[in-house]
Amino acid sequence: VRCEAHFDSTLPHRLRPRAMDSSPASAVAQDHGCRLPILIVPGFMSSALRVERSEEQSTWEGKRIWLSLDKLGLSAAVAAATRSRNRGPDPGGADESAGRRSAFRAAKATTKGLMQHFDAEQPDPDEKDDGCPQAHEPLQVFRERCLRNSWVNHIMLKSPTEEMEGVRLKPIEGLEGIDFLTESALTKPLTSVFSHVIEELKQVGYEEGVDLDAAPYDWRFAPSVLQARDRYFDHLRVRVEALDRKGTGVVLLGHSMGNKTIMYFLRYMRANHGQNWLDTHVHTWLCAGGPHLGAPQAARCTLLGDRMGLDAFLNMQEGLIMAQSFSSSPWLLPIGAQASNLFYVRRQGALEIRGLEADLPGRWISSKNKVVVTLEVSWRNGDGTTTLRSSAASSFDGKKARYDADRNFFRFCGPAELPPCAVLVAIAKEVGMPKRRIPLCHLGSRACDCVRLAKEAARGRGGLGVPRAFSVEKSIRELWAAGRPDKDGFVEAQLPLKVDMGPSGLFQFGGSVRFQLRWRGAAEVQTSLLGVARPLAETRIGLEAPRVCHAKESIVYDRLSLSEAGGVDDSPNAPMQVWRKYYEGDPLYDETGSQDAPPVKRVVAVHGVNVPTEIFYAIRLASIRVDATQRQPVFVLDREAKICLAASNGLRMSGGIASEIPGAGHGSGDGVVPLYSMNHVHEWARDVESLRVEHLDKAGHREMLCDARFHKIILDVATSLPNVA
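Because the structure is a prediction, the values reported are computed rather than measured.

Draft legend 1. Region of the structure containing the overall build of the protein. On a plain count of helices and strands, the protein comes out with 18 helices and 31 strands. Here the protein, with 725 residues, has 55% of them falling under the buried criterion. Within the protein, contacts between residues at least 6 apart in sequence are counted, and of these 76% link residues at least 24 apart. If you sum the accessible surface of the protein, you get close to 30,800 Å²; carbon and sulfur atoms cover 52% of it.

Listed below in structure tokens is the structure:
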């Protein structure tokens, strides 16, 4: 479900690939006449992609883009990070041990260097990328930023069915498309997918194109789009028939989302070519790490935002936009009863502010610089302080700043009811350092700015811009009660700016920050913002014990289903809208998770087990500046939540993520797919001729692909035909 790198040298000895011994299965496999052909279907983000057409980067055509560090603009960073990490104490090279570092150490150093590189060079998120270097931006950083933006533009989708304008990507065919995601010798160990499985199969005589093949696909698209766009499932049928030369049938080997792809293929073939075709050409479905009922982690990545394992490459905003652009993302969402118990949301109220303006007379702010306003809410009831910053003013003449309404709607989420002591403060800041004509004045201005920045840092208000004006502190309850609500419930309000005559603010006069505000209590937030008109589950006292609680007894959590959490965003291409159109509306997809046995005779399921695995989440409404021009998460993980004592058996919560953990009397999944989702195969026992389930203790979701125990199971399945001629 996530694109997670793994390093061979970090694996326990029992998980590392090893040469096949002279076991009966291995001996039989050496006989070409006693071996079933195998077709591999990879999982999410596990097929390499190349650029077929690009109007933006024509030199990329015909080359790999998933995954390519060069196209991410990181080649210089990789080289620098590797050189610095591998440099010994003697710069002349006396320390030869640095040159003999393991692949794991080098890869780890590279990844850390990339992360440091991006942490240092992230642009202002409000900055519009006009294709020009930003102020004080080194040319090399500018070039790398352009390449990175171009890479993101190639990978993300314009709509559930379309790539970005002028872009066409294709999966790399055959085993080359699933062994490693990158081609670079430096990063290959980081991106191994099926390379160990392929190596083991070739060692016992399998040959590509003869009895071994792969069916990579564009994992960004929903299954119906894959067929309409690429005729993928028709091509998959041709591959199966080509491998089945001896009429024995083929082993379909899927991993992760590849098993969802195989299930869709089986239904497609039954609907279009009949059950007889399946009985003839499909011998066994071997599903590894199958998310048959979805994976909660996919819901977290899609709805809350995640870098999808690409922490060194993407920021959180890019990760969210990219994940939500893929029409394949809903394919992995939990289905069935578990989708109703996925989220527990903190009961909160919300202070909302719009129509921001600022009068800043006598503040010595250059009209050529940007002006931002920071709004700070202090709840003063133990809930701390929340700070949000506006975008740069859309117009500023040196005195009055106006702000784009579409980009400056503020939502401060706090206690369920408005505390009487809650206060609001506004701070106007100048972004950019004006150069005074007189050098002495310039130095004095810089010194005063340093004093202001130091004061802000001491108050924990660090951030973009130098503070130029502070408002008086006003009670939110008084601001709310002083005005007359309009039709939307907003009242006019303003915060007068202080007259600052201190050494860091000579001759700075009044002014004010004006806006409209409204307060919505928890009940109104539930109905209007969350769209839940009924009492939420945890409010029905006596019906069920709460699973999530807080150190403060006054904070309560309500159960929120996946459809309710995802339904908050009702834009046309929002994840739940895509789900309804391309999954619920697809007759070949079963969204119920019941009576869904595959139309094949034999199923072998291999599960990694007893690894802590995400299973549900505690969330809270995000305090955000709502920007209508960007995708933003409505919820964030509630890092203060904890598992209630009555529900703590077999569960652990950290940072708002509840995981199932192995223990006495209960197991857990493979680190990505929960045990209940993989164990759904047991529901098929009465509908298939043969069902075999194997558990690999302590094997992770991706790590199982290089586990010798898994390789042995593959050979056992592929050589279990006594009647093969």
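Draft legend 2. Local environment of the pattern of salt bridges. With the rule as written, the count across this model stands at 37 salt bridges. Arginine 220 is the partner of aspartate 218 in a salt bridge, and the nearest nitrogen-oxygen pair spans 2.8 Å. Residue classification places arginine 220 among the buried residues on the basis of a relative accessible area of 0%. Between arginine 518 and glutamate 352 there is a salt bridge; the shortest N-O distance is 2.6 Å. One end of the pair, arginine 518, is in strand 21 (residues 512-520); the other, glutamate 352, is in strand 11 (residues 349-359), and 166 residues separate them in sequence. Taking relative accessible area as the criterion, arginine 518 reaches 14% and is therefore assigned buried. Since its relative accessible area comes to 0%, glutamate 352 is described here as buried. Within this structure, Glu52, Glu163, Arg168, Lys170, Asp218, Arg220, Arg229 and Asp230 form a network of salt bridges that share partners.

Draft legend 3. Representation of the packing of aromatic side chains within the structure. Inspection of the entire model under this criterion finds 19 aromatic pairs. Each ring, one from tryptophan 66 and one from tryptophan 219, has its centre 5.1 Å from the other, and the planes form 65 degrees; the classification is edge-to-face. Highlighted residues: tryptophan 66 in strand 3 (residues 64-66) and tryptophan 219 in the loop between strand 7 (212-214) and helix 6 (223-230), separated in sequence by 153 residues. In this structure, tryptophan 66 and tryptophan 219 share a single accessibility class: buried. Their ring planes at 65 degrees and their centres at 5.4 Å tell us that tyrosine 344 and phenylalanine 616 sit as a pair that is edge-to-face.

Draft legend 4. Quick look at the environment of isoleucine 365. Within the secondary structure layout, isoleucine 365 lies in the loop between strand 11 and strand 12 (370-378). By relative accessible area, isoleucine 365 is classed as buried at 8%. It is 6.6 Å that separates the C-alpha atoms of isoleucine 365 and glutamate 430, two residues lying 65 residues apart in sequence. Sequence-distant contacts of isoleucine 365, that is, excluding residues within four places in its chain, are made with Leu360, Val371, Phe396, Gly398, Glu430 and Arg468.

Draft legend 5. Examining the side chain of histidine 281 more closely. Secondary-structure assignment places histidine 281 in helix 9 (residues 275-281). Apart from the residues within four sequence positions on either side, histidine 281 is in contact with Val240, Glu241, Asp244, Gly249 and Val250.

Draft legend 6. The arrangement of the side chain of serine 471 in detail. As for its position among the elements, serine 471 is in the loop between strand 18 (466-470) and strand 19 (474-475). A polar contact is formed between the side chain of serine 471 and the backbone nitrogen of alanine 426, at a distance of 2.8 Å. Leave out the neighbours within four places in its chain, and serine 471 touches Val425, Ala426, Leu495, Pro496, Leu497 and Lys498.

Draft legend 7. Broad picture of the sheet that holds strand 6 (residues 167-171). With respect to topology, three strands assemble into an open sheet ordered 3-2-6, the strand pairing being antiparallel. Two strands bound the open sheet, and with one partner strand each, they are strand 3 and strand 6. Ignoring strand direction, the axes of neighbouring strands in this sheet form an average angle of 45 degrees. The sheet contact formed by strand 2 (residues 49-54) and strand 6 spans five bridges and is antiparallel. Residue leucine 49 lies in a different strand from strand 6, and its bridge partner there is proline 171.

Draft legend 8. Looking closely at the sheet that holds strand 31 (residues 690-697). On the basis of which strands lie adjacent, the open sheet formed by six strands has the order 7-1-8-9-24-31 and parallel pairing. Since the sheet does not close on itself, it has two edges, and those belong to strand 7 and strand 31, each with one partner. Adjacent strand axes in the sheet meet at a mean angle of 15 degrees, parallel and antiparallel pairs treated alike. Sheet analysis places strand 24 (residues 602-609) next to strand 31, joined by eight bridges and oriented parallel.

Draft legend 9. Structural view of the packing of helix 7 (residues 232-243) against helix 8 (residues 257-273). Orientation of helix 7 relative to helix 8, taken along the N-to-C sense of each, is 85 degrees, at an axis distance of 10 Å. Our classification of the angle between helix 7 and helix 8 gives roughly perpendicular. In this structure, helix 7 contributes Tyr232, Phe233, Asp234, Leu236, Arg237 and Val240 to the contact, and helix 8 contributes Thr261, Tyr264, Phe265, Tyr268, Met269 and His273.

Draft legend 10. Representation of the packing of helix 10 (residues 296-304) against helix 11 (residues 316-325). At a minimum axis separation of 7 Å, helix 10 and helix 11 run at an interaxial angle of 115 degrees. Judged by the angle between their axes, helix 10 and helix 11 are roughly perpendicular. Note on element contacts: helix 11 touches helix 10 through Leu320, Ala323 and Gln324, opposite Cys301, Thr302, Leu303 and Leu304. Here the contact of helix 10 with helix 11 is built from residues that sort into five nonpolar, two polar and no charged.

Draft legend 11. Quick look at unusual backbone geometry. Here the residue pair tryptophan 66 and leucine 67 is connected by a cis peptide bond, since its omega of 10 degrees sits within 30 degrees of zero. One can find leucine 67 in the loop between strand 3 and helix 2 (75-86). Here the phi dihedral of glutamine 595 falls at roughly 50 degrees; this positive angle occurs in a residue that is not glycine. Within the secondary structure, glutamine 595 sits in the loop between helix 16 (575-584) and strand 24. Glutamine 595 sits in the exposed class, given a relative accessible area of 84%.

Draft legend 12. Spatial organisation of helix 6. Burial of helix 6 is extensive: six of the eight residues sit out of reach of the surface. Residues of helix 6 that are buried: Pro223, Val225, Leu226, Gln227, Arg229 and Asp230. As for helix 6, its buried residues are in contact with strand 5 (162-163), strand 6, helix 7, helix 8 and helix 16. Downstream of helix 6 by one or two residues, arginine 231 has phi in the positive range, about 50 degrees.

Draft legend 13. Looking closely at the nonpolar core. Ranked by size, the top nonpolar core spans 137 residues in total, and within it Ile38, Trp151, Phe343, Phe635 and Phe710 carry the most contacts. By residue number, the principal contributor to this core is helix 8, which donates eight residues. Excluding residues that lie within four positions of it along the chain, phenylalanine 710 makes contacts with Val197, Leu253, Leu286, Ala288, Val606, Leu696, Met704 and Leu705. Grouped together as the second largest cluster of nonpolar side chains are 34 residues, Leu388, Phe410, Ala426 and Phe515 included.

Draft legend 14. How the structure looks around helix 5 (residues 195-203). All of the buried residues in helix 5 are Ser195, His196, Val197, Ile198, Glu200 and Leu201. Taken together, the buried residues of helix 5 touch strand 1 (38-41), strand 7, strand 8 (250-255) and helix 18 (708-718). Of the residues flanking the end of helix 5, it is glycine 205, one or two places downstream, whose phi is positive at about 110 degrees.

Draft legend 15. Examining the pairing of strand 24 more closely. In terms of residue burial, strand 24 counts as a mostly covered element, since seven of its eight residues are buried. Here strand 9 (residues 282-288) runs beside strand 24; their pairing, made up of four bridges, is parallel. Across the sheet, the residue bridging to tryptophan 285 is valine 603, located in strand 24.

Draft legend 16. Quick peek at the environment of glycine 319. Structurally, glycine 319 is set in helix 11. In the structure, glycine 319 is positioned 18 residues away from cysteine 301 in sequence and 8.4 Å away in space, judged by C-alpha atoms.

Draft legend 17. View of the pairing of strand 2. Relative to strand 3, strand 2 runs antiparallel, the two sharing two bridges. Its bridge partner being in strand 3, leucine 49 is matched across the sheet by tryptophan 66.

The rules behind these values
- Residues numbered from 1 in each chain as written.
- Predicted model: local features only at pLDDT ≥ 70, side-chain atom pairs only at ≥ 80, totals over all residues.
- Heavy atoms only, no water.
- Helix = DSSP H or I, 4+ residues; strand = E, 2+ residues; numbered from the N terminus.
- Buried < 20%, exposed > 50% of the residue type's maximum accessible area, 1.4 Å probe, protein only.
- Contact = heavy atoms within 4.5 Å.
- Areas by Shrake-Rupley, 256 points an atom, 1.4 Å probe, with all protein chains shown as cover.
- Salt bridge = Lys/Arg side-chain N within 4 Å of Asp/Glu carboxyl O.
- Phe/Tyr/Trp six-rings, centres within 6.5 Å; stacked < 30°, edge-to-face > 60°.
- Polar contact = N/O pair within 3.5 Å; in protein donor to acceptor, adjacent residues only side chain to side chain.
- Pairing = 2+ DSSP bridges.
- Axes fitted to C-alpha atoms, helices over the stretch in contact; angles between N-to-C directions.
- Parallel < 35°, antiparallel > 145°, perpendicular 65-115°, else oblique.
- Nonpolar A, V, L, I, M, F, W, Y, C, P; charged D, E, K, R; others polar.
- Core = buried A, V, L, I, M, F, W, Y, C linked by side-chain atoms within 4.5 Å.

That is the geometry; function is a separate question.
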